[in-house]
Each structure stands twice: as C-alpha cells, then as structure tokens.
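Survey of secondary and tertiary structure
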Amino acid sequence: RASALRALHALLREGRFEKRYLALVKGHWQHGRTRIDVPLRTDIRVGGERTVKAHASGKASLSEFRPLQFFGKRATLMEVSLHTGRTHQIRVHATHAGHALAGDEKYGDPQFNRDLAALGLKRMFLHAHSVSFEWPQGGAFSASAPLPADLAAVLTRLTVERAGVRPQGRG
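Below is a summary of the structure that appears in this document. Predicted model only: the values in this text are computed from it and were never measured.

Here the focus is the overall build of the chain. Counting its regular elements, the chain contains 4 helices and 8 strands. Each principal axis of the C-alpha distribution contributes one length, and for the chain these read about 65 × 40 × 30 Å. Expressed as a percentage of the 171 residues in the chain, the buried residues total 36%. Of the contacts made within the chain by residues no fewer than 6 positions apart, 61% connect residues no fewer than 24 positions apart. Roughly 10200 Å² of accessible area belongs to the chain as shown, and the carbon and sulfur atoms make up 52% of that amount. In the chain, which carries 27 positive and 14 negative side-chain charges, the distance between the mean positions of the two groups comes to 2 Å.

Pasting the structure below:
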C-alpha cells in the first residue's frame, strides 16, 4: 500500500528505522564497540563507476560496529548498526577503521579476499541481519534473517582453522 510505503520512507528519513548487518572484517578489531561518524562523498570515475570515500565534504554518515566473534588476528565477525543509509557506508567505514570487509573487491584487501576465497568465500561477507521500527500509528515491527549457509560455512572453517583441527580424510 502506498500509505505504508510513505510511512516507511518517513521512518528512514527520520532515523527511526533500525538496520543491523553481520560483516566479517579483516584483522582483530581492537576498537571495542565503536561509532564511526565520518562523512561520505560519492564520486563518479571515468567509465561511470561510482566510488565512495570518507571526506569532510561528504554527507553525514554514522555506523556503529560491535565485535561478536574473533578469529585470532585474521578476522572479526561484527554486528553493524546503520544510523544513516549512505551508499557503500559499511564497506567504506570498515575500511576507514582499518578493517576491510571480507570479499569486498572495490574497497577491500586483495590478499585477505584470496585467503578467504580459499576457505570458500565466493562473495562479500555482508548480511542484512535484522530490521525493526515502530509504526507511527502504534505497534512494533521486527524481522531477522539467519546467516546464509555459505557464509556460516566460512565461519565454521575459520573456527576449525583457528582451533588447529584437521579434517579427517577418507580411509
């Protein structure tokens, strides 16, 4: 319905729409729970490719990163809450903090991406985990989506690798 869509757009504009993502980032996140309040500017490059960078002349952008699970010095599983909704916001804020997203070919770390591809990662490790909001006329809405099997398998492989457990071969 058009009225519901207008209400959702208003919630988004007013910052009353809570979105959370799961992201795997490079390295051991040592910042604890961190709010990254860094403006983002969109640039168009030759060939029409759009890129985003942290820049004072950009639009206000606020992300909150919270570590959930550490995989030694290799990687950290993060929960990321968005307070604004800029293009490539999580990817650019994570890289700005020194922790590129796994599988991010545009802003990421090529060697880290190759290492995780060897563990079965075939795409960017970024998953829309949950959304919640209060309807203007009353009532709460919340939905969540489990981590897809392919991304969960990468976490399992990182855990097994970290524990030094070798898979059993066939007889």
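The subject of this paragraph is the sheet that holds strand S2 (residues 34–37). Read across the open sheet, the 6 strands follow the order S2-S5-S6-S1-S7-S8; overall the sheet is antiparallel. The sheet is open, and its two borders are formed by S2 and strand S8 (140–144), each paired with just one other strand. Each strand of the sheet is rotated relative to its neighbour by a mean of 25°, with strand direction disregarded. Relative to strand S7 (residues 126–134), strand S1 (residues 17–26) runs antiparallel, the two sharing 7 bridges. Bridging across to S7, Arg 20 finds its partner in Ser 130.

A separate point is the pattern of salt bridges. Tallying each qualifying case throughout the model produces 12 salt bridges. The salt bridge involving Glu 49 is made with Lys 106; its shortest N-O contact spans 3.6 Å. Of this pair, Glu 49 sits in the loop between strand S3 (40–44) and strand S4 (50–54) while Lys 106 sits in the loop between helix H2 (89–96) and helix H3 (110–117), and the two are 57 residues apart along the sequence. With a relative accessible area of 39%, Glu 49 lands in the partly exposed category. The class for Lys 106 is partly exposed, based on a relative accessible area of 33%.

The next thing to look at is unusual backbone geometry. The backbone of His 88 shows a phi angle near 60°, a positive value even though the residue is not glycine. In this fold, His 88 is placed in the loop between strand S6 (75–82) and H2. Its relative accessible area of 21% is what places His 88 among the partly exposed residues.

Attention now goes to H3. Three or more residues of H3 are buried, namely Phe 112, Asn 113 and Leu 116. Take H3 and look down its axis: the buried residues cluster within an arc of 100°, on one side only. Of the exposed residues in H3, those oriented more than 90 degrees away from the buried face are Pro 110 and Arg 114. Contacts made by the buried residues of H3 are with S1, S6 and helix H4 (149–163). The backbone nitrogen of Gln 111 lies 3.1 Å from a side-chain oxygen of the residue at the head of H3, namely Asp 109.

A full pass over the atoms with the stated rule returns 3 aromatic pairs. Plain terms: the ring middles of Trp 29 and Phe 65 are 5.3 Å apart, the flat faces sit at 15° to each other, and that makes the pair stacked. Of the two residues, Trp 29 sits in the loop between S1 and S2 while Phe 65 sits in strand S5 (residues 62–71), which places them 36 residues apart along the sequence. Looking at Trp 29, the relative accessible area reads 2%, which means it is buried. Each residue in the set Phe 133, Trp 135 and Phe 141 is aromatic and connected to the rest through ring pairs, giving one cluster.

Moving on to the pairing of S8. Both faces of the sheet carry side chains from a regular strand, because those side chains alternate between them. Of all 5 residues making up S8, only 0 are buried, and the element is barely covered by its neighbours. Summarising the sheet, S7 and S8 pair through 5 bridges and their orientation is antiparallel. The residue of S8 that forms the bridge with Ser 132 is Ser 142.

A few words on the environment of Arg 86. Assignment of secondary structure puts Arg 86 in the loop between S6 and H2. For the pair formed by Arg 86 and Lys 59, sequence separation is 27 residues and the distance between their alpha carbons is 8.1 Å. For Arg 86, the side chain forms a polar contact with the main-chain oxygen of Ala 60, separated by 2.8 Å.

Cut-offs used in this document
- Residues numbered from 1 in each chain as written.
- Predicted model: local features only at pLDDT ≥ 70, side-chain atom pairs only at ≥ 80, totals over all residues.
- Heavy atoms only, no water.
- Helix = DSSP H or I, 4+ residues; strand = E, 2+ residues; numbered from the N terminus.
- Buried < 20%, exposed > 50% of the residue type's maximum accessible area, 1.4 Å probe, protein only.
- Contact = heavy atoms within 4.5 Å.
- Areas by Shrake-Rupley, 256 points an atom, 1.4 Å probe, with all protein chains shown as cover.
- Lys, Arg positive; Asp, Glu negative; His and termini not counted.
- Charge placed at Lys NZ, Arg CZ, Asp CG, Glu CD.
- Pairing = 2+ DSSP bridges.
- Axes fitted to C-alpha atoms, helices over the stretch in contact; angles between N-to-C directions.
- Salt bridge = Lys/Arg side-chain N within 4 Å of Asp/Glu carboxyl O.
- Arc of directions from axis to C-beta.
- Polar contact = N/O pair within 3.5 Å; in protein donor to acceptor, adjacent residues only side chain to side chain.
- Phe/Tyr/Trp six-rings, centres within 6.5 Å; stacked < 30°, edge-to-face > 60°.

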